[in-house]
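Fold and geometry: a report
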Amino acid sequence: SSFSFSPAPPLLALEVEASQAALAVLLHLHTAGEEPGRSSLGAHGGTKGGSQPGGGEDGSSERSDAQAVLAAGSRHRLASLATRILRDFAHVAGGGSNAGGSNVGAQQTRDEINARAPLAVDALKALARFSDDLFAEKAEEAFPALTALVRCEHAPAEVSRVLGEVFTAKIGPLVIGSLGKS
């Protein structure tokens, strides 16, 4: 009997799904503590008529304090995860994983780019949601991955579009601000 390859386990799909979940959780923790007055708990009935007995200021301020602590703790992890996701995507979309060029290898690379593209879009959108101060603090970490994405010839249009939005909304104001300081 001849040896045949069994289909590979869906490791890429699992990796993408796990990274999207981690990104969503960290982004939620980050944004939940940013503006205590605008809590994301509203979807769960936590705004008017609160779910706590008495619904007094103490309960909401404790929640806000906890959210602020979680937000502060999540910002570094969120920036690191988003940067890693973008760096990995740039490596694949830039041709780093398929230097050979066989048809099978090229198709696998295209499939991997297509599988990772929504994750890269989510990571870019997460960076875009950073406050200007936090983005400025994390720009040194994220900028190499962002510029690597600019150089990617095979990035899908949605990735390029959201990347342009990040440069317009976040990088542009940083550059203009730094020019004003000099």
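The structure displayed is predicted, hence computed values, not measured ones. (Residues numbered from 1 in each chain as written. Predicted model: local features only at pLDDT ≥ 70, side-chain atom pairs only at ≥ 80, totals over all residues. Heavy atoms only, no water.)

**Some words on the overall build of the protein**
Helix and strand counts for the protein come out as five helices and zero strands. Counting from the amino terminus, helix and strand elements in the protein follow one another as α-α-α-α-α. Across the 182 residues in the protein, those meeting the buried criterion constitute 31%. Sequence-distant contacts in the protein: of pairs separated by 6 or more residues, those separated by 24 or more amount to 81%. Working note: accessible area of the protein is about 11100 Å², and carbon and sulfur atoms make up 57% of it. (Helix = DSSP H or I, 4+ residues; strand = E, 2+ residues; numbered from the N terminus. Buried < 20%, exposed > 50% of the residue type's maximum accessible area, 1.4 Å probe, protein only. Contact = heavy atoms within 4.5 Å. Areas by Shrake-Rupley, 256 points an atom, 1.4 Å probe, with all protein chains shown as cover.)

**Topic: helix α1 (residues 11-32)**
Here α1 is 22 residues long and its end C-alpha atoms lie 31 Å apart, about the 32 Å a rise of 1.5 Å per residue gives. When α1 is considered as a whole, its buried residues turn out to be Val16, Ser19, Leu23, Leu26, Leu27, His30, Thr31 and Ala32. (Expected span 1.5 Å × (residues − 1).)

**A word on the packing of helix α3 (residues 103-128) against helix α5 (residues 157-181)**
The interhelical angle for the contact between α3 and α5, taken along N-to-C directions, is 10°, at an axis separation of 9 Å. Between α3 and α5, the crossing angle belongs to the class labelled roughly parallel. Along the contact surface, α3 presents Ala117, Ala120, Val121, Leu124, Lys125, Leu127 and Ala128, while α5 presents Glu158, Val159, Val162, Leu163, Val166 and Lys170. (Axes fitted to C-alpha atoms, helices over the stretch in contact; angles between N-to-C directions. Parallel < 35°, antiparallel > 145°, perpendicular 65-115°, else oblique.)

**Regarding the pattern of salt bridges**
With the rule as written, the count across this model stands at seven salt bridges. The residue Glu165 makes a salt bridge to Arg161 at a minimum N-O spacing of 2.3 Å. Here Glu165 pairs with Arg161, and both are found in helix α5, just four residues apart, close to one helical turn. Where salt bridges share partners, they join Glu15, Glu112 and Arg116 into one cluster. (Salt bridge = Lys/Arg side-chain N within 4 Å of Asp/Glu carboxyl O.)

**Some thoughts on the environment of Phe89**
Mapped onto the elements of the fold, Phe89 is located in helix α2 (residues 57-93). For Phe89, a relative accessible area of 1% corresponds to the buried category. On a C-alpha basis, the gap between Phe89 and Glu112 in space is 9.0 Å, while along the polypeptide they are 23 residues apart.

**Description of the confidence of the model for the protein**
Mean pLDDT over the protein works out to 80, with 74% of the residues at or above the 70 mark. Here α2 is the element of the protein with the lowest mean pLDDT, 81, and helix α4 (residues 132-150) is the one with the highest, 94. (pLDDT = per-residue confidence, 0-100.)

**Some words on α4**
Here α4 is 19 residues long, yet its end C-alpha atoms lie only 21 Å apart, well below the 27 Å a rise of 1.5 Å per residue gives. The largest bend along α4 reaches roughly 65° and is located at Ala139. Taken together, the buried positions of α4 are Leu134, Phe135, Lys138, Ala139, Ala142, Ala145, Leu146, Ala148 and Leu149. (Bend = angle between axes of the 7 residues up to and from the residue.)

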